[in-house]
Amino acid sequence: MAKAVADTQGENQGGFSYDTTMVTGFSHMHDSGTGGSPSLGNFPIFVHPNCPQDDLSNCKWQQSSRATVWRKDSVKARPGYFSIQLENGVSAEMTTTNRSALYRFSFGDVSEPLNPVVLVDLMDLPQSRSKGMASVDPSTGRLTGNGTFNPSFGLGSYELHFCADVKGPKIRDTGSWKNNDVDPDQSFISVESSTASSASAGTFVRLHAPTAHSTIMARVGVSFISVEQACENAEREQPHFDFAGTVSAAEKAWREKLGVIRVNADGVSTDLQKVFWSGIYRTMISPQDYTGENPLWESDEPYYDSYYCIWDSYRGVHQLLTLMDPLSQSLMMRSLVDIYRHEGYLPDCRMSLCKGYTQGGSNADVLITEAYLKKVADIDWDTAYEAVIKDAEIEPPNWDVEGRGGLRSWKKLGYIPKDDVDTDGTGLHTRSVSRTLEYAYNDFCIAELAHLLDRQDDYEKYTKRASNWKNVFKEDQKSYIKGVDTNFTGFVQPRLPDGTWAYQDPIFCSPLMNFDSCYLNANGHETYEGSCWLYTFYVPQDMAALITQLGGPKSFTERLSYLHESGILYVGDEQAFLTVFQYHYAGRPALSTKRAHYYIPSQFNTSVSGIPGNDDGGAMGSFAALSMMGLFPVHGQDVYLISPPFFKEFSIRNRDTGKVATVRNINFDPSYKSIYIQSAKRDGKRWSKNWIGHDFFTEGGVLELHLGSTESGWGTGKEDLPPSMSKYDW
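All figures in this text were calculated on a predicted structure; none of them were measured in a lab.

Rules used throughout
- For every chain, the first residue of its written sequence is number 1, and the numbers climb from 1 along that sequence.
- Predicted model: local features are reported for residues with pLDDT of at least 70 only, side-chain atom pairs are reported and counted for 80 or more only, and whole-chain, interface and lining totals are derived from all residues.
- In computing side-chain properties, one takes all heavy atoms of the structure into account and sets aside hydrogens as well as water.
- At least two bridges found by DSSP between two strands are what make those strands a pair.
- Strands here are runs of E lasting at least two residues and helices are runs of H or I lasting at least four, both read from the DSSP assignment and numbered beginning at the N terminus.
- UniProt positions are given in the numbering used here, feature names are shortened, and annotations may be inferred rather than shown by experiment.
- We call a residue buried when its accessible area falls under 20% of the maximum for its residue type, exposed when it is over 50%, and partly exposed in between, using a 1.4 Å probe and counting protein chains only.
- A fitted line through C-alpha atoms represents every axis, and for helices the fit uses only the stretch in contact; the resulting angles, taken between N-to-C directions, go from 0 to 180 degrees.
- Between 65 and 115 degrees an angle is taken as roughly perpendicular, under 35 as roughly parallel, over 145 as roughly antiparallel, and anywhere else as oblique.
- Here is the rule for handedness: rotate from the far helix to the near one, and if that takes an anticlockwise turn smaller than a right angle the crossing is left-handed, while a clockwise turn gives right-handed.
- Throughout, a residue-residue contact means that at least one pair of heavy atoms, one from each residue, lies within 4.5 Å.
- One less than the residue count of a helix, multiplied by 1.5 Å, gives the span that helix is expected to have.
- Polar contacts, as counted here, are pairs of nitrogen or oxygen atoms within 3.5 Å of one another; within protein the pair requires one atom able to donate a hydrogen and one able to accept it, and residues that are adjacent in sequence qualify only if both atoms are side-chain atoms.
- The disulfide criterion used throughout: a pair of cysteine sulfur atoms within 2.5 Å.
- Whenever a carboxyl oxygen of Asp or Glu lies within 4 Å of a side-chain nitrogen of Lys or Arg, that contact is scored as a salt bridge.
- Buried Ala, Val, Leu, Ile, Met, Phe, Trp, Tyr and Cys residues that are joined via side-chain atoms within 4.5 Å together make up what is termed a nonpolar core.
- Delimitation of the domains relies on an automatic or database domain assignment.
- Note: buried area is the sum, over both parts, of the accessible area (probe 1.4 Å) each one loses when the two are combined.
- Think of it as three bins: nonpolar holds Ala, Val, Leu, Ile, Met, Phe, Trp, Tyr, Cys and Pro, charged holds Asp, Glu, Lys and Arg, and polar takes everything else, Gly as well.

Trainee: Where do I start with the pairing of strand β13 (residues 171–178) in this structure?
Mentor: On a regular strand, each side chain points to the face opposite its neighbour's, so the side chains alternate between the two faces of the sheet. Here seven bridges tie β13 to strand β16 (residues 201–207), and the two strands are oriented antiparallel to one another. Each bridged residue has a counterpart across the sheet, and for T174 the counterpart in β16 is V205. Alignment of β13 against strand β14 (residues 181–183), held across three bridges, turns out to be antiparallel. Looking at β14, one finds that W177 is bridged to V182. Linkage of β13 to β14, two consecutive antiparallel strands, is achieved through a turn of two residues, within which N179 is found at a positive phi near 55°.

Structural data, given as structure tokens:
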């Protein structure tokens, strides 16, 4: 839950960003890699090495005033540790336990004698505070308080509490402050809702001058329950202010998590190794374990938060977590089911104990089904099934934050219409095309689950609905770029309630046309964060039918390549992920491999801009890591599409069974000229399918891939292609 880092001015969704210049404080909780408004960053602490002329009123207190330049060459960041040096002479190091952060401050050259001031600010990154209070104990220097804040991408508010203890030189004095006014005689301050949320306020401790080379420690506990629990969290987890011990424990925990994967990286560049391991690291940052910190209901079940958002994470994050940490994936799925028990619906997004905005379908349905397919343990499947059926059948009062909207039309018409009249609930009447495609896939996943649970009637109902994508496919729709025909015909398009077609240019909402026009707003158009060109490929349940619809495998392959090469596609949106590997369905797995090697490293690299867009809670990291592992999962299915790993060999140990699955490249070429599979063996036996199931990871074994410099016939036969609702009939 605690994720300490420096907070910067400018781009600061996760607190710190390298392409900034000023640090405003150091805060203890963050959501990593999110878009839009920043999240969390509550109660930052800041250290002044002194106040000019030893006068408290000469210090800068307000956040915008105290911002200090940081030294570009000073940052060190690794799992469990972050450090930075400021131009005011302060060097800050930080580490965390589950519910607390530990800071160590030291001092270099400063302009005046040291009399450090440690302050806590009743602020958060998005400046959403509605009220707050803080106090300081003059005898111990303990700083405590709480505040009420808004989530960054949802409805409602949340209350958070902190407890900070300072260890170092003796206390000189304490007090409170607001804006840039300081009161050393007042140990309590309250900020009401009438105060601007951008106004800083808080309490402070001023210390006597430290001796040479001495440091100041600050331990901060956090809690959603109470100040008392925040203090208990800090005291229990870090009783001795042991910075080196805490860093060591954090590193040990990360080594345990990351240690299930082994790679033979001989010949592979350091940059590519960084892309791989940092992608895995970022995947494992969220969702976050808030068990015991949920004040909304009592439950013996785990509570996870920062599903930010499932629309972003259901295509890669949870698949990688299932491989590396099935216990955590189980706890997360149990938490989703428990949220359903108490909130009435599975979330599509959730952060800071609040309901987040739904971007497309009810994609927790996909994760629930996939968990069953991959035998994720200890889930109440009866309640989970009840939850996904409710998503499909009962429209919520506000489908902007849960469930699905337009279900009356969905059931009657077989698609979500543009300009739908929905009297059963409220929500944005946009994204009619992309919601239709996602609802169809959600229902396919429910059909899969129904079949596995022997619910035959439901299986037949939802299998039928899974074909509703066809109802928004306009066979004669053409596409032009700058007036030039792309020579591809047939795209998904919006339809009106009376069945007639509306129109959205197939390249609209792509980098070529109005890229920023398809978001969650009243004029958000008919696709979400992507074009009709892109969404036309979103039929993972029935790729055989889609390929036939698009003119057969040759035409499909040409169209897919055009998507990637024309500038229409932006790989920084998650809908792009599967399109990199959809050549497998047309019997051209080599082209999937070629495409993956284009995006890595052209878009995924170690530069400051080496993640396309933002990381979306680990989504980009998971895509890079899974692509480099060479077994790319099809979300909601027991299917991994096979490409050669970017390493000579990689292996992954299953935490449940202890079995090890190894993928080995024969004739591995680290220059990546010989990247095409010529033949394959699984446990010594010929393997011609271009996909493999999850049993490979649970049972272990060896998959050997013989590589060459040209495309071969491996994995190209109809019997080698991944599963599809329809038969491959070309």
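Let's pick the thread back up.
Trainee: Got a minute to help me understand the UniProt feature "domain: Glycosyl hydrolase family" (unreviewed entry) in the chain in this structure?
Mentor: If you check UniProt for "domain: Glycosyl hydrolase family" (unreviewed entry), the listed places come out as residues 229–708 in our numbering. Secondary structure across residues 229–708 comprises 39% helix and 14% strand; the distance between its end C-alpha atoms is 60 Å.

Trainee: Please explain the environment of D73 as it appears in this structure.
Mentor: With respect to the helices and strands, D73 occurs in the loop between β4 (68–69) and β5 (76–78). Accessibility expressed as a relative area gives 70% for D73, which makes it exposed. Distance in space between the C-alpha atoms of D73 and K375 is 47 Å, their sequence separation being 302 residues.

Trainee: Quick question: what am I supposed to make of unusual backbone geometry here?
Mentor: Peptide bonds are trans in most cases, and residues, glycine excluded, mostly fall at negative phi. A cis amide bond links S286 to the next residue, P287, at an omega of -5°. With respect to the helices and strands, the residue P287 is situated in the loop between α4 (270–283) and β19 (288–289). The peptide bond linking Y308 to C309 adopts the cis configuration, its omega dihedral lying at -15°. By the secondary structure assignment, C309 is in the loop between β20 (304–305) and α5 (310–313). Although it is not a glycine, L40 adopts a positive phi angle of roughly 55°. On the secondary structure map, L40 appears in the loop between β2 (22–27) and β3 (45–48). Of note in the backbone geometry, F43 takes a positive phi value of approximately 55° without being a glycine. Among the secondary structure elements, F43 is positioned in the loop between β2 and β3.

Trainee: Just to check I follow, could you spell out the packing of helix α6 (residues 317–324) against helix α18 (residues 619–629) for this structure?
Mentor: For any two helices packed against each other, the geometry comes down to the angle between their axes and how far apart the axes lie. Two numbers describe how α6 lies on α18: the axes approach to 8 Å, and their chain directions differ by 55°. Between α6 and α18, the interaxial angle falls into the category oblique. Crossing angle aside, the handedness with which α6 passes α18 is left-handed. Residues V317, L320 and L323 of α6 form the contact with α18, whose participating residues are A619, S622, A625, L626 and M629.

Trainee: Just checking my understanding: could you explain helix α17 (residues 589–602) for this structure?
Mentor: Along an α-helix, residues three or four apart share an orientation, since each turn contains 3.6 residues. A rise of 1.5 Å per residue sets the reference length of α17, with its 14 residues, at 20 Å; its end C-alpha atoms lie 20 Å apart and thus fit the reference within 8%. A large share of α17 lies buried, amounting to 10 of its 14 residues. All of the buried residues along α17 are P589, A590, L591, S592, T593, R595, A596, H597, Y599 and I600. Among the structural elements, α4, α15 (553–565), α18 and β29 (676–682) are those in contact with the buried residues of α17.

Trainee: Explain the environment of S139 here, please?
Mentor: In this structure, S139 sits in the loop between β10 (131–136) and β11 (143–149). Owing to a relative accessible area of 60%, S139 belongs among the exposed residues under this scheme. The spatial distance from the C-alpha of S139 to the C-alpha of T174 is 8.9 Å, given a sequence separation of 35 residues. Side chain to side chain, S139 and D137 meet in a polar contact 2.6 Å long.

Trainee: Got a minute to help me understand the state of the cysteines in this structure?
Mentor: Each disulfide consists of one covalent bond between the sulfur atoms belonging to two cysteines. In this structure the tally under the stated criterion is three disulfides. Paired through a disulfide, C309 and C349 show a sulfur-sulfur distance of 1.8 Å. Given an S-S torsion of about -55°, the disulfide between C309 and C349 has left-handed geometry. One end of the pair, C309, is in the loop between β20 and α5; the other, C349, is in the loop between α7 (326–343) and β21 (350–351), and 40 residues separate them in sequence. What makes C309 buried here is its relative accessible area of 2%. Taken N- to C-terminal, the disulfide-bonded cysteines of the chain are connected 1-2, 3-4, 5-6. Looking at C445, it has no disulfide partner, and the nearest cysteine sulfur is the one in C309, 19 Å off. Overall, C445 belongs to the buried group, its relative accessible area being 0%.

Trainee: Please clarify how the pattern of salt bridges should be interpreted in this entry.
Mentor: Think of it this way: side chains of opposite charge can pair up when their charged atoms draw near. A full pass over the atoms with the stated rule returns 35 salt bridges. Across the pair R78 and E251 runs a salt bridge, and its minimum N-O distance is 3.0 Å. A residue pair is termed long-range when its members are at least 10 positions apart, and R78 in strand β5 and E251 in helix α3 (residues 243–258) qualify at 173 residues. E251 sits in the buried class, given a relative accessible area of 19%. One salt bridge in this structure joins R664 and E704, with 3.5 Å as the shortest N-O distance. Linking R664 in strand β28 (residues 660–666) with E704 in strand β32 (residues 701–708), this pair joins segments that are 40 residues apart in sequence. Among the residues examined, R664 registers a relative accessible area of 26% and is labelled partly exposed.

Trainee: Is there a simple way to think about the sheet that holds strand β25 (residues 631–633) in this case?
Mentor: Pairing between the strands of a sheet is mediated by backbone hydrogen bonds and can be parallel or antiparallel. In spatial order, the strands read β25-β26-β31; together these three strands make up an open sheet with antiparallel pairing. The strands lining the two open edges of the sheet, one partner per strand, are β25 and β31 (691–692). The pairing of strand β26 (residues 640–642) with β31 spans two bridges and is classified as antiparallel. Looking at β31, one finds that L641 is bridged to W691.

Trainee: Teacher, can you tell me more about the nonpolar core here?
Mentor: Nonpolar side chains in soluble globular proteins tend to end up buried together. Ranked by internal contacts, the top residues of the largest apolar core, which has 193 residues, are F26, Y103 and F105. No other element matches the nine residues that helix α11 (residues 432–452) contributes to this core. Of the residues that make up this core, three or more belong to each of domain 1 (5–255) and domain 2 (262–289 + 574–729). Of all hydrophobic cores here, the second largest spans six residues; its members include M217, F241, F243 and V247.

Trainee: Quick question: what am I supposed to make of the domain arrangement of the chain here?
Mentor: By a widely used convention, the size of an interface equals the accessible area lost when the partners come together. Considered domain by domain, the chain is made up of domain 1 (5–255) and domain 2 (262–289 + 574–729). On a C-alpha basis, the centroid separation for the pair domain 1 and domain 2 is 41 Å. The partner domain 2 presents 10 residues to the 11 residues of domain 1 that form the contact. Of the roughly 820 Å² buried where domain 1 meets domain 2, counting both sides, 55% is carbon and sulfur surface. Three residues, S32, G33 and W254, lead the burial of domain 1 against domain 2; their summed loss comes to 51% of the area buried on that side. The tally of links from domain 1 across to domain 2 stands at zero salt bridges. At the boundary of domain 1 with domain 2, the tally comes to five residue pairs in polar contact (both at pLDDT 80 or more). Among the residues making up the side of domain 1 that touches domain 2, the classes are represented as three nonpolar, five polar and three charged.

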